[in-house]
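Listed here are the chains, written in short residue letters.
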Amino acid sequence: LVNGWVSVDAWVGGRIVRVLSTHLASDVEDAQRSQAAEAMDVALEGAVNVVFMGDFNSDALRGSGPDGTATYSDVVFRGYEDAWAAAHPTARGATWGRLGGLAGLDGELTERIDHVFFAGELDVSGADLVNEEPADRRDGLWPSDHAGVVATFRIR
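Keep in mind that this is a model prediction, so the values were computed, not measured.

Enquirer: Provide a residue-level description of the pairing of strand 5 (residues 114-119), including the pertinent values.
Expert: Counted residue by residue, strand 5 has six buried out of six residues, so it is predominantly covered. The alternating pattern of strand 5 places Asp 114, Val 116 and Phe 118 on one face and His 115, Phe 117 and Ala 119 on the opposite face, and all of these are buried. Bridge count for strand 3 (residues 49-55) against strand 5 is six bridges, and the pairing is antiparallel. By the bridge assignment, Val 50 is partnered in strand 5 with Ala 119. One ladder, built from two bridges, connects strand 4 (residues 81-82) with strand 5; its direction is antiparallel. Looking across to strand 5, one finds that Glu 81 is bridged to Phe 118.

If you want it as structure tokens, here you go:
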């Protein structure tokens, strides 16, 4: 399986924030969970503040779709908080699953598989979805088959 992650340590307000982005396997749950565990192990090496984001292919909504894996729970169990859930405790925030792919006109997003997690001395000050509204379409197509998640943080 060819999936991976990338990270950067950024100086923000005189402190280091390690930011990781990933796209985990979608078809083999054991591989997906191992990929997430490896990325989290690296993220925690010497880092206090971590933002871990990407397409996890693990549905936080626990629907009946293809992405009902335990990876989301694994990340939360390791002490990461979900920025979307922190900012919108009762909102679905689905990011994937619209019928018809990029040209799909009808149907709503059904799974929340794109996540921004955080840990350390960070507080989420907001989270929003992008490219999920019909007005976001260009030339009749959606910009992506996923909606994006944008989160804003404050360092304590």
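Enquirer: Outline the packing of aromatic side chains, listing residues and values.
Expert: To describe a pair of aromatic rings, you give the distance between the ring centres and the angle between the ring planes. In the structure shown here, the tally under the stated rule is five aromatic pairs. Ring plane angle 85° and centroid distance 5.1 Å describe the contact between Phe 56 and Phe 117, whose orientation is recorded as edge-to-face. Residue Phe 56 is located in the loop between strand 3 and helix 2 (71-77), and its partner Phe 117 is located in strand 5; the two are separated by 61 residues in the primary sequence. Grouping residues by exposure puts Phe 56 and Phe 117 together as buried. The class of Phe 117 is buried, set by a relative accessible area of 0%. Within the aromatic cluster, the residues linked to one another by ring pairs are Phe 52, Phe 56, Tyr 72, Tyr 80 and Phe 117. Between the NZ or CZ atom of Arg 98 and the centre of the ring of Trp 142, over which it lies, the distance is 3.5 Å.

Enquirer: So what's going on with the environment of Asp 27? Residues and values would help.
Expert: For Asp 27, the location among the structural elements is in the loop between strand 2 (15-23) and helix 1 (29-44). In this structure the C-alpha to C-alpha distance between Asp 27 and Pro 66, which are 39 residues apart in sequence, comes to 8.7 Å.

Enquirer: Kindly report on the pattern of salt bridges, identifying the contributing residues and their values.
Expert: This model, assessed by the stated rule, comprises six salt bridges. Here Arg 78 ties to Asp 41 by a salt bridge, and the two come within 2.8 Å at their closest N and O atoms. Placement of the pair is Arg 78 in the loop between helix 2 and strand 4 and Asp 41 in helix 1, with a sequence separation of 37 residues. With its nearest N and O atoms 2.7 Å apart, the salt bridge here joins Asp 82 to Arg 112.

Enquirer: Any chance you could break down the side chain of Thr 22 for me, citing the residues and the numbers?
Expert: Position of Thr 22 relative to the elements: it lies in strand 2. Leave out the neighbours within four places in its chain, and Thr 22 touches Gly 4, Trp 5, Phe 52, Met 53, Gly 54, Asp 55 and Phe 56.

Enquirer: Which residues make up unusual backbone geometry, and what are the values?
Expert: Phi angles above zero are rare outside glycine, and Asn 131 is one such case at about 65°. Locating Asn 131 in the fold gives a position in the loop between strand 6 (122-130) and strand 7 (148-155). Notably, Asp 139 is not glycine yet its phi reads approximately 50°, a positive angle. As for its placement among the helices and strands, Asp 139 is situated in the loop between strand 6 and strand 7. On the basis of relative accessible area, Asp 139 is assigned to the exposed category, the value being 85%.

Criteria and thresholds
- Residues numbered from 1 in each chain as written.
- Predicted model: local features only at pLDDT ≥ 70, side-chain atom pairs only at ≥ 80, totals over all residues.
- Heavy atoms only, no water.
- Buried < 20%, exposed > 50% of the residue type's maximum accessible area, 1.4 Å probe, protein only.
- Helix = DSSP H or I, 4+ residues; strand = E, 2+ residues; numbered from the N terminus.
- Pairing = 2+ DSSP bridges.
- Phe/Tyr/Trp six-rings, centres within 6.5 Å; stacked < 30°, edge-to-face > 60°.
- Lys NZ or Arg CZ within 6 Å of the ring centre and 35° of its normal.
- Salt bridge = Lys/Arg side-chain N within 4 Å of Asp/Glu carboxyl O.
- Contact = heavy atoms within 4.5 Å.

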